[in-house]
Amino acid sequence: MAIERVLPLYTGNMARIMSGIQPTGNLHIGNYLGALVNWVKMQEQFECFYCVVDLHALTRRPAAEVLRQAVREVAIGILASGVDPERATLFVQSQVPQHSELAWVLTCMTPLGDLHRMTQFKDKSTQQPENINTGLFSYPILQTADIVLYRADRVPVGEDQEQHLELARETVRRFNGIYGDTFPEPQVVKSVAPRVLGLDGEKKMSKSLNNEIGLFESADETMQKLRGAKTDPARLRKTDPGNPEVCNIFRYHKFFTGAEQRAEIDAGCRSAALGCVDCKKLLSANLEVVKGPIRERATLLREQPKRLDEILDAGAARARAEAEATMQIVRDRVGLRQTKR
Ligand code: TYM
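1. Regarding the overall build of the protein
Inference 1: A count of helical and extended segments in the protein gives 14 helices and five strands.
Inference 2: Whereas a compact globule of 341 residues would reach a radius of gyration of roughly 20 Å, the protein reaches 21 Å, a difference of no more than 12%.
Inference 3: Within the span of the protein, comprising 341 residues, buried residues form 53% of the whole.
Inference 4: For the protein, the proportion of contacts with a sequence separation of at least 24, taken over those separated by at least 6, is 79%.
Inference 5: As displayed, the protein offers around 15,700 Å² of accessible surface, 51% of which is attributable to carbon and sulfur atoms.

If you want it as structure tokens, here you go:
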């Protein structure tokens, strides 16, 4: 895939990987660069558990049918981006009830103060003031359960998830301190693009901020959005020279455009030989090199709903076996009775 040409991808040495994506709206290039490129790369070397976190999405109270559809679309996006269900375990969170079970055990050991520090809770409370539910507050505990249930030691995520991972490590230390060594401390695996900005050039690219470049968008749709996107604010006329270092469009070029063409764009911008619209057209074409094949694979997957069900059900069965093995240890350590399954 073209992205491999320009992105130095993660190449570490580790055992277990776990990560998740919420089924809310369509995936965007922030999800792709911040997390998915590493998901795809890591499956080649490690044992990976990738999860569509529908229980987390309940904090937004989506309509049932909307959630069901979003789960499928996000799973399709993950597969179309290159996650191979033969190599990695791809599953839907609610099909593995041990996530909720462990989340409760961990909830009972998490001080309120730890959760009060979480900035995402504050952001979400502002975004949905009419629905500040308890799930939004305890959300990072469920996320910790997601990770430690698979005894994962590395978690490929964007920068916005770092605080949650800090809380996960603290929780692990607390659990291990009380009950003896049980879980490894999970570390963040950052991609080269841990915080992709949205088309506004100011805020993180996000489905809820409506500033995203969607992974399934056509070249025309993307170009339409790029036309209105912020560039160097000092470049008012086409004849004004620009500064690529302050231009958000050039930031995207860093991820989607090869070094040689990028150097030409840099020079063209500085000398005003290349106008912003033409620069955006080049970006749109290079984005399409990545998005086009993803969109095509997604279309094929949508035509095979049974195949998708099989992939997700098989993934859930594998995940349940792992999760149950961990829960048996946890139940034993905290004093809960085992259930024969
Ligand atoms: P979510 O669904 O918001 O995002 C999925 C992944 O995409 C990354 N990401 C970004 N990276 C760079 N720039 C951006 N603009 C950008 N926007 C999103 C996120 O950092 C994330 O890696 N709480 C998590 C889901 C979760 C999870 C987990 C993750 C639940 N349980 C266990 C890891 C492990 C979330 O809401 O991600």
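2. Let's talk about the site of the ligand
Inference 1: Neighbouring the ligand are 28 residues; Tyr-139, Asp-146, Gly-158, Asp-160 and Val-196 lie closest to it.
Inference 2: Take Asp-146: an N or O atom from its side chain is 2.6 Å from a nitrogen atom of the ligand.
Inference 3: A distance of 2.8 Å separates an oxygen atom of the ligand from a polar backbone atom of Gly-158.
Inference 4: Cavity membership is defined here by more than half of the atoms lying within 2 Å of grid points; on that basis the ligand lies in the largest pocket.
Inference 5: Of the residues that constitute the shell around the ligand, the class distribution is 12 nonpolar, 11 polar and five charged.

3. Observations regarding the environment of Asp-200
Inference 1: For Asp-200, the position within the fold is in the loop between strand E5 (187-189) and helix H10 (219-227).
Inference 2: Of note is the side chain of Asp-200, whose polar atom sits 3.1 Å from the backbone nitrogen of Lys-203.

4. Here we look at the pairing of strand E3 (residues 89-92)
Inference 1: Residues Thr-89 and Phe-91 line one face of E3 and the alternating positions Leu-90 and Val-92 line the opposite face, and both faces are buried.
Inference 2: Pairing analysis gives four bridges linking strand E2 (residues 47-52) to E3, with the strands arranged parallel. Paired with Tyr-50 across the bridge in E3 is Leu-90.

5. A few points about the packing of aromatic side chains
Inference 1: Scanning the model with the defined rule gives six aromatic pairs in all.
Inference 2: Consider the rings of Phe-49 and Tyr-150, whose centres lie 4.7 Å apart with planes at 25 degrees: the pair is stacked. Note that Phe-49 is positioned in strand E2 and Tyr-150 in the loop between helix H8 (134-148) and strand E4 (154-156), a separation of 101 residues in sequence.
Inference 3: The exposure class of Tyr-150 is buried, given its relative accessible area of 0%.
Inference 4: Ring geometry for Phe-91 and Tyr-150: centres 5.6 Å apart, planes at 55 degrees, overall tilted. Pair noted here: Phe-91 is in strand E3 and Tyr-150 is in the loop between H8 and E4, with a separation of 59 residues, a long-range link. With respect to class, Phe-91 is no different from Tyr-150; both count as buried.
Inference 5: One aromatic cluster in this structure is built from Phe-49, Phe-91 and Tyr-150.
Inference 6: Above the plane of the ring of Tyr-139 lies Lys-124, whose end atom (NZ or CZ) is 5.6 Å from the centre.
Inference 7: In this structure, Arg-302 is placed above the aromatic ring of Phe-216, and the distance from its NZ or CZ to the ring centre is 5.0 Å.

Conventions and cut-offs
- Residues numbered from 1 in each chain as written.
- Predicted model: local features only at pLDDT ≥ 70, side-chain atom pairs only at ≥ 80, totals over all residues.
- Heavy atoms only, no water.
- Helix = DSSP H or I, 4+ residues; strand = E, 2+ residues; numbered from the N terminus.
- Rg over C-alpha atoms; globule rule 2.2 N^0.38 Å.
- Buried < 20%, exposed > 50% of the residue type's maximum accessible area, 1.4 Å probe, protein only.
- Contact = heavy atoms within 4.5 Å.
- Areas by Shrake-Rupley, 256 points an atom, 1.4 Å probe, with all protein chains shown as cover.
- Near = heavy atom within 4 Å.
- Polar contact = N/O pair within 3.5 Å; in protein donor to acceptor, adjacent residues only side chain to side chain.
- 1 Å grid on protein atoms, 1.4 Å probe; cavity = no way out; pocket = protein on both sides within 12 Å on 5 of 7 lines; lining within 4 Å.
- Sits in = over half its atoms within 2 Å of the grid points.
- Nonpolar A, V, L, I, M, F, W, Y, C, P; charged D, E, K, R; others polar.
- Pairing = 2+ DSSP bridges.
- Phe/Tyr/Trp six-rings, centres within 6.5 Å; stacked < 30°, edge-to-face > 60°.
- Lys NZ or Arg CZ within 6 Å of the ring centre and 35° of its normal.

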